Number of protein chains: 2
Amino acid sequence: MTNNNNYCVIMGGGIGSRFWPYSRKNLPKQFLDFFGTGRSLIQQTFDRYKKIIPVENIFVTTNEAYKELVKEQLPELNDSQILLEPTRRNTAPAIAWASYHIKNLNPEANIIVAPSDHLIMKEDEFREAILKGLDFVAHSPQLLMLGIKPNRPETGYGYIQLNEEQQGDFYKVRAFIEKPELEFAKVFVESDEFYWNSGIFLWNVQTILAAFRELMPEIYYKLGDGEENYASCPNISIDYGIMEKAGNVFVQLCDFGWADLGTWGAMYDVAPKDANGNVAVNGNSLMYDCRNNIVVIPEGKLAVIQDLEGYLVALRDNVLLICKKDDEAAIRKFVNDAQVKLGDKFV
Amino acid sequence: MTNNNNYCVIMGGGIGSRFWPYSRKNLPKQFLDFFGTGRSLIQQTFDRYKKIIPVENIFVTTNEAYKELVKEQLPELNDSQILLEPTRRNTAPAIAWASYHIKNLNPEANIIVAPSDHLIMKEDEFREAILKGLDFVAHSPQLLMLGIKPNRPETGYGYIQLNEEQQGDFYKVRAFIEKPELEFAKVFVESDEFYWNSGIFLWNVQTILAAFRELMPEIYYKLGDGEENYASCPNISIDYGIMEKAGNVFVQLCDFGWADLGTWGAMYDVAPKDANGNVAVNGNSLMYDCRNNIVVIPEGKLAVIQDLEGYLVALRDNVLLICKKDDEAAIRKFVNDAQVKLGDKFV
């Protein structure tokens, strides 16, 4: 059932500092097995795609710092499938570069570009959606995004507004909305016109390179000449550089149990809770007079917690973090302070 | 300067569950080096007495479970100096039993009985007080307690009220007051008539055995016949069984920087604090919007804590405890729950 023209690029270069101290500089979120299932997020992503795409057509973009982690966690990949970004840039240069790479292997390639750190619960629906999307972009020169039917007024996700124009189940995109205020998110969920932006893209390699030529010619021509120009590419995301500007962006409506656990708060929202709204991940917990906390400690350890509400308690290696679980900005400050005051050993 | 009639009994059999998870069933408080000084509390106690008492006259009472810990931490003791209580009983049987043991070695012995888990800051003043007390009990058939001049209305300590009757610097005891309410403690501190009960006793071996014969004849006769009767002795403390009832109890007024860190709250009270009243012991801490907490984590670890007030945060081995620092009773419940629900591995 696999099609040899189908390719996948898993983006595995992120830092994920918002999950400190669970994620660390040398062990970002995508390499963690958050729920103790036995497979890290990037492994789960790979597992999903290898049921759809020939393994030799799966590529992982990352950077030198995480090369060994990728090799260790994904031993089925050979070295040529690990695309090491010469410099840390944003997604637009990384995707253009991977696109050129794949075009040289197969100029008819249909490519899925996917984050490495998202959760997907309904595997059959996911596979069906991906195959349908690949078929769409194989036959139509469109840039396709997977949109997820929202089930709650999430303020941590970006939204895609649909246009009325339609090709079968695929809708043209009218607008992109960054993380909205709650009042807007509530309207979005009600309206049937807004979908979550999953960050999963599908397109034919010719279509995406044509879009780069038109909208980001600097990147198009620089990387067309080879990767030595990578460092001089602008630091721009694919969303901002291409998707928000191109006239041929479509969204496919999907519902496959998707979650981008971008923050501790987001993880709390989706995780199973006890009667008092507490989430305990991995190790043992005893909680007394506690409400709405998320406690993440290693297997084999015990946390006893009294009289906390709305906190994150995370213990990993040499760091214990106790903070308000909804104060995302604070965690960046903590990581930065730890770095400045105490050096590399805790970040 | 040492007197071969002088003996010391260090009581080293306590469990110390109030300091869980820092203390554990197999590592009670007296064996911990709380402040990272390099010597545990029982080692510090031994170090203090060996400057006053011949090492061969120092005994440690403990029980089978802690025998190896005592040998390991106090290698200067030979096995005959470790008195293993046949059964866990309270201080009255333990002291009677040790008294018989020492009387068999030296019927003129003057004995100091001392807790193994207290802090003493002023070593010179301490030595001077002990020598003075030993001289007193060598020449006078009294039961002597060391009373500590209170510096604050501590509600976690017992108090001794002085009688007017006086022999030099030694006052007869009028009454014992268990841990008082704060309003009473405040009056006590003001009055000059109340001293903290340090739990350190001095007496001649004949005097204490005479007191047992008079006030606790059951123990006196049972243990006079040998240790095989130990298990049938009543579970009674020396304070309740002897000191509160005897007519010849004196208190020596002392001031040598004494503290019984019986609880986390007590440790908090005496420890140096930052500008926001936080105490950090051992490892690194970064605190944000935190007041009046005590944070105890191992060396080499970092705790980042936001927005807590009045909490204990203690991490040791496989247990993390976060609870109100003044809720002493709760810690016993936590230990018990951990035992009942999860077995021995966390207690």
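A short tour of the structure in this document, coming up.

**Focus on the packing of helix 3 (residues 91–105) of chain B against helix 6 (residues 205–215) of chain B**
For any two helices packed against each other, the geometry is given by the interaxial angle and the distance between the axes. Residues and elements named next belong to chain B. Where helix 3 contacts helix 6, the axes come no closer than 10 Å and their chain directions differ by 135°. Classified by the angle their axes make, helix 3 and helix 6 are oblique. Taken as a pair, helix 3 and helix 6 cross one another with a handedness that is left-handed. Taken together, the residues of helix 6 that come into contact with helix 3 (itself represented by Ala-92, Ile-95, Ala-96, Ser-99, Tyr-100 and Lys-103) are Val-205, Ile-208, Leu-209 and Phe-212.

**Quick look at the environment of Asp274(B)**
All names here are of chain B. Looking at where Asp-274 falls in the secondary structure, it is placed in the loop between helix 9 (264–270) and strand 12 (279–288). Look at Asp-274 and you get partly exposed, because its relative accessible area is 36%. Sequence separation between Asp-274 and Asn-292 is 18 residues; the distance between their C-alpha atoms is 9.0 Å.

**Side note on the pairing of strand 3 (residues 82–85) of chain A**
All names here are of chain A. Direction of pairing for strand 2 (residues 58–63) relative to strand 3: parallel, over a ladder of 4 bridges. Across the sheet, residue Val-60 finds its bridge partner in strand 3, namely Ile-82. Note that the unit made of strand 2, helix 2 (residues 67–73) and strand 3 has a crossover that is right-handed.

**Brief notes about the relation of the copies chain A and chain B**
Put simply, the second copy of the chain is the first one after a rotation about an axis and a shift along it. Here chain A sits on chain B after a turn of 180° about the axis and a move of 0.1 Å along it, with an RMSD of 0.1 Å. Each copy turns onto its partner about a two-fold axis. A shared binding surface is used by both copies, with 100% of the interface residues of chain A retained as interface residues in chain B.

**A short note on the interface of chain A and chain B**
If you look at the interface, chain A gives 33 residues, while chain B gives 33 residues. Across the chain A/chain B interface, buried area totals approximately 2800 Å², and carbon plus sulfur atoms make up 63% of it. At the junction of chain A and chain B, the tally comes to 0 salt bridges. Our enumeration of links across chain A and chain B arrives at 20 residue pairs in polar contact (both at pLDDT 80 or more). Elements with a minimum of two residues in the side of chain A that touches chain B: strand 12 (279–288), strand 13 (294–306), strand 14 (311–316), strand 15 (319–324) and helix 10 (328–342) of chain A. Per-class residue counts for the side of chain A that touches chain B are 21 nonpolar, 4 polar and 8 charged. Alignment of strand 13 of chain A against strand 15 (residues 319–324) of chain B, held across 4 bridges, turns out to be parallel. Bridging across to strand 15 of chain B, Val304(A) finds its partner in Leu321(B).

Definitions and limits used
Residues numbered from 1 in each chain as written. Chains lettered and ligands numbered in written order. Predicted model: local features only at pLDDT ≥ 70, side-chain atom pairs only at ≥ 80, totals over all residues. Heavy atoms only, no water. Axes fitted to C-alpha atoms, helices over the stretch in contact; angles between N-to-C directions. Helix = DSSP H or I, 4+ residues; strand = E, 2+ residues; numbered from the N terminus. Parallel < 35°, antiparallel > 145°, perpendicular 65-115°, else oblique. Left-handed = near helix turned anticlockwise from the far one by under 90°. Contact = heavy atoms within 4.5 Å. Buried < 20%, exposed > 50% of the residue type's maximum accessible area, 1.4 Å probe, protein only. Pairing = 2+ DSSP bridges. Right-handed = clockwise from strand over helix to strand, strands pointing away. Least-squares fit on C-alpha atoms with pLDDT ≥ 70 in both. Buried area = accessible area lost by both parts, 1.4 Å probe. Salt bridge = Lys/Arg side-chain N within 4 Å of Asp/Glu carboxyl O. Polar contact = N/O pair within 3.5 Å; in protein donor to acceptor, adjacent residues only side chain to side chain. Nonpolar A, V, L, I, M, F, W, Y, C, P; charged D, E, K, R; others polar.

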